[in-house]
Amino acid sequence: MKTQPIGIFDSGIGGTSIWKEIHELLPNESTIYLADSKHAPYGEKTQNDILALSVKNTEYLLSRGCKIIVVACNTATTNAINYLRENYHVPFIGIEPAIKPAALNSSTGVVGVLATRGTLTSSLFTKTTALYAKDRKVIEQFGDGLVPLIEAGKIESPEMDALLQEYLQPMIAENIDHLVLGCTHYPYLIPKIKQFLPPSVNIIDSGKAVAKQTQNILDNLHFLNDTKKRPALEFYTNTDPDVLESFLGVYRDVATISYLHF
Ligand SMILES: N[C@@H](CCC(=O)O)C(=O)O
């Protein structure tokens, strides 16, 4: 089991932000990353559709012998992880908006959450917010349109600037001091987002926490790869592999990126 890969999936390239955290923390581990870009954005689909796509991605990763699955997508986690945990017998690590640290550390008492429609309307998100931020003002904003622009390589574009301006301005007006990025695509927007926010606003996401949790669970199960063999870093996408490759940055030379029909 130790040498089996870690499986990671997302609706597209966003989860590569989580893959990087995992690979940096666990460089010995082989990984299989599945980017379902053809079906992005998940965040604007029904819960049933998100569930069906999450099942399909999980089954592919299990067919490849993955020892653990990281759902590197807030939308899939908040809509499907309970179902996945009940129906498949491997450990699942999910990612949810980091509302708890934002609420705990806020001095103004106002925090912003930018996430997909699917995440913000899920019952898991609603419960977490009620639990950890009940004495805080939480400004929730659907990030409609952001994921398609990121997937299209249009981070630097007038359309992106217009959406970010529209989504962030009301939060700034309410005096947020933390902005929670509740979508794994959004860390790629941080340099852009900083152009719109006052420097005093902390931007937080859950990437490092997910990598740490993956390490802890593998360690507890004695599933960490302690062999010295070079790990295989495989990436699959059902759209143009060049797009995925462009998000891998310094890792593109050690990764194998392939088109997969699914
Ligand atoms: N990576 C995204 C998925 C967004 C989408 O496909 O709409 C997330 O974390 O929610």
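Residues numbered from 1 in each chain as written. Predicted model: local features only at pLDDT ≥ 70, side-chain atom pairs only at ≥ 80, totals over all residues. Heavy atoms only, no water.

J.: Would you mind going over the pattern of salt bridges with me for this structure?
T.: Charged atoms that come close allow side chains of opposite charge to pair. Applying the stated rule across the entire model yields nine salt bridges. Put simply, E159 and K154 hold a salt bridge, and the shortest N to O gap is 3.6 Å. Here E156 ties to K192 by a salt bridge, and the two come within 3.4 Å at their closest N and O atoms. Taken together, the residues E156 in the loop between α7 (146-151) and α8 (158-173) and K192 in helix α9 (residues 190-196) connect sequence positions 36 residues apart. (Salt bridge = Lys/Arg side-chain N within 4 Å of Asp/Glu carboxyl O. Helix = DSSP H or I, 4+ residues; strand = E, 2+ residues; numbered from the N terminus.)

J.: Just checking my understanding: could you explain the UniProt feature "active site" (unreviewed entry) in the protein for this structure?
T.: UniProt feature "active site" (unreviewed entry): in the numbering of this structure it lies at C73 and C183. Spanning 111 residues, the annotated positions come together in the fold, the maximum distance between their C-alpha atoms being 6.6 Å. Set against the largest cavity, the annotated residues named above that line it are C73 and C183. Counting through the fold element by element, C73 comes out in the loop between β3 (68-71) and α3 (74-87). Once you skip the residues sitting within four places of it in the chain, C73 turns out to touch F9, D10, S11, Y42, I95 and T184. Along the chain, C183 turns up in the loop between β7 (178-182) and α9. (UniProt positions renumbered as here; feature names shortened; annotations may be inferred. 1 Å grid on protein atoms, 1.4 Å probe; cavity = no way out; pocket = protein on both sides within 12 Å on 5 of 7 lines; lining within 4 Å. Contact = heavy atoms within 4.5 Å.)

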